[in-house]
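Report on the structure
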Amino acid sequence: SFKLALPGDSYVCSRPSTKKSRHFVAMHYGASKTAFLVLVSFALNITLAISTKWMFLYGKVCEEGTDKCKAFEFPITITVIHMLFSWATCWLQLSSCHDASRTEGLSLREQIQKIVPLAACFAFSVAMGNLALKYVYPSFSQMMSSMTPVITVGLAVAMQGQRFNRWTWASMPVICGGLVLCSAKEVNFNVVGAIYCAGSTVLRAL
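These lines cover the structure that appears in this document, whether it is placed above or below. The structure displayed is predicted, hence computed values, not measured ones.

**Quick word on the overall build of the protein chain**
Counting its regular elements, the protein chain contains seven helices and four strands. Ordered by position from N to C terminus, the α and β elements of the protein chain give β-β-α-β-β-α-α-α-α-α-α. Counting across all 206 residues of the protein chain, residues that qualify as buried make up 19%. Across the protein chain, the fraction of contacts at a sequence separation of at least 24, relative to all contacts at a separation of at least 6, is 68%.

**Some remarks on the nonpolar core**
Among the nonpolar cores identified, the biggest contains eleven residues, and these are Ala132, Val136, Phe140, Met143, Met144, Met147, Ile151, Leu179, Ala194, Cys197 and Ala205. The set of elements that each furnish at least two residues to this core consists of helix 4 (138–144) and helix 7 (191–205). Among the nonpolar cores identified, the runner-up in size contains five residues, and Ala49, Phe56, Ile78 and Leu133 belong to it.

**Focus: the packing of helix 2 (residues 75–97) against helix 3 (residues 108–132)**
For any two helices packed against each other, one specifies the crossing angle of their axes together with the interaxial distance. It is at 9 Å that the axes of helix 2 and helix 3 come closest, and there the two elements cross at 140°. When the axis of helix 2 is compared with that of helix 3, the two are oblique. Crossing geometry of helix 2 relative to helix 3 is assigned as right-handed. Only Phe122, Ala123, Val126, Ala127, Asn130 and Leu131 of helix 3 make contact with helix 2, whose side of the interface consists of Pro75, Ile76, Ile78, Thr79, His82 and Met83. Among the residues making up the contact of helix 2 with helix 3, the classes are represented as nine nonpolar, three polar and no charged.

**Considering the side chain of Thr79**
Here Thr79 shows up in helix 2. Given the relative accessible area of 6%, Thr79 is considered buried. A polar contact of 2.9 Å, which involves the side chain of Thr79, links it to the side chain of Asn130.

**Brief notes about the packing of aromatic side chains**
Taken as a whole and judged by the stated rule, the model has six aromatic pairs. Ring centres of Tyr135 and Tyr196 lie 6.2 Å apart, and the angle between their planes is 20°; on these two criteria the pair is classed as stacked. Here Tyr135 is found in the loop between helix 3 and helix 4, whereas its partner Tyr196 is found in helix 7, with 61 residues between them in sequence. For Tyr135, a relative accessible area of 35% puts it in the partly exposed group. Where Phe140 meets Phe189, the ring centres are 5.7 Å apart and the plane angle is 90°; that geometry is what we call edge-to-face. Taken together, the residues span a long stretch of sequence, with Phe140 in helix 4 and Phe189 in the loop between helix 6 (166–184) and helix 7 at a distance of 49 residues. The partly exposed category is assigned to Phe189, whose relative accessible area is 42%. Taken together, the ring pairs connect Phe56, Phe72 and Phe74 into an aromatic cluster. For Lys53, the ring lying beneath its charged end belongs to Tyr137, and the centroid distance is 4.8 Å.

**Focus on the packing of helix 5 (residues 148–160) against helix 7**
Interhelical geometry of helix 5 versus helix 7 gives an angle of 50° and a closest axis separation of 9 Å. It follows from the interaxial angle that helix 5 and helix 7 lie oblique. Considering the relative orientation of helix 5 and helix 7, their crossing is right-handed. For the pair helix 5 and helix 7, contact is made by Thr148, Ile151, Thr152 and Leu155 and by Thr201, Val202, Arg204 and Ala205, respectively. Residues belonging to the contact of helix 5 with helix 7 are distributed by class as follows: four nonpolar, three polar and one charged.

What counts and what doesn't
- Residues numbered from 1 in each chain as written.
- Predicted model: local features only at pLDDT ≥ 70, side-chain atom pairs only at ≥ 80, totals over all residues.
- Heavy atoms only, no water.
- Helix = DSSP H or I, 4+ residues; strand = E, 2+ residues; numbered from the N terminus.
- Buried < 20%, exposed > 50% of the residue type's maximum accessible area, 1.4 Å probe, protein only.
- Contact = heavy atoms within 4.5 Å.
- Core = buried A, V, L, I, M, F, W, Y, C linked by side-chain atoms within 4.5 Å.
- Axes fitted to C-alpha atoms, helices over the stretch in contact; angles between N-to-C directions.
- Parallel < 35°, antiparallel > 145°, perpendicular 65-115°, else oblique.
- Left-handed = near helix turned anticlockwise from the far one by under 90°.
- Nonpolar A, V, L, I, M, F, W, Y, C, P; charged D, E, K, R; others polar.
- Polar contact = N/O pair within 3.5 Å; in protein donor to acceptor, adjacent residues only side chain to side chain.
- Phe/Tyr/Trp six-rings, centres within 6.5 Å; stacked < 30°, edge-to-face > 60°.
- Lys NZ or Arg CZ within 6 Å of the ring centre and 35° of its normal.

In short, shape yes, function no, at least from these values alone.
Right, here's the structure in full:
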């Protein structure tokens, strides 16, 4: 804004701070982008679980030229396809969006020490999640995934010696209690499926 002073006064000129406005826009853009990506992640995760369960329920493998068909029961195959698509998507993202000139690549030894354990935990987590869908429905599988905060806090305390405030500990009985009540009333409860779900959640928390 501009203000013209009266005779005898000095001319005063003030302009809005573009630096603050840019910071405000950048902050809100970042928050909106994060919220959008979280919602997309939730949608894709649920869609993946539902489509996998649908294949186990209605998918069939038939011999060409014959009427012989059998149910599709290959969760490990689904896991391999999942891993291949994940690798391809990550490679495409790194190739198109990553500025390689600003960062140095990891050596083979560093990749084995830092990346391989994480990749193995993720792969086994996906595999156990797909195996669980042979025995339970996606609703129960997603509900069991709510154990992730409890397991993450427990592992952080046991393995890293971290400390959490009272609000964190106060929320744990609420999560665990709700999970126990929902599991007890699950119509299609299966012990094997519950074990696979729990294993998948623990590996994800790691």
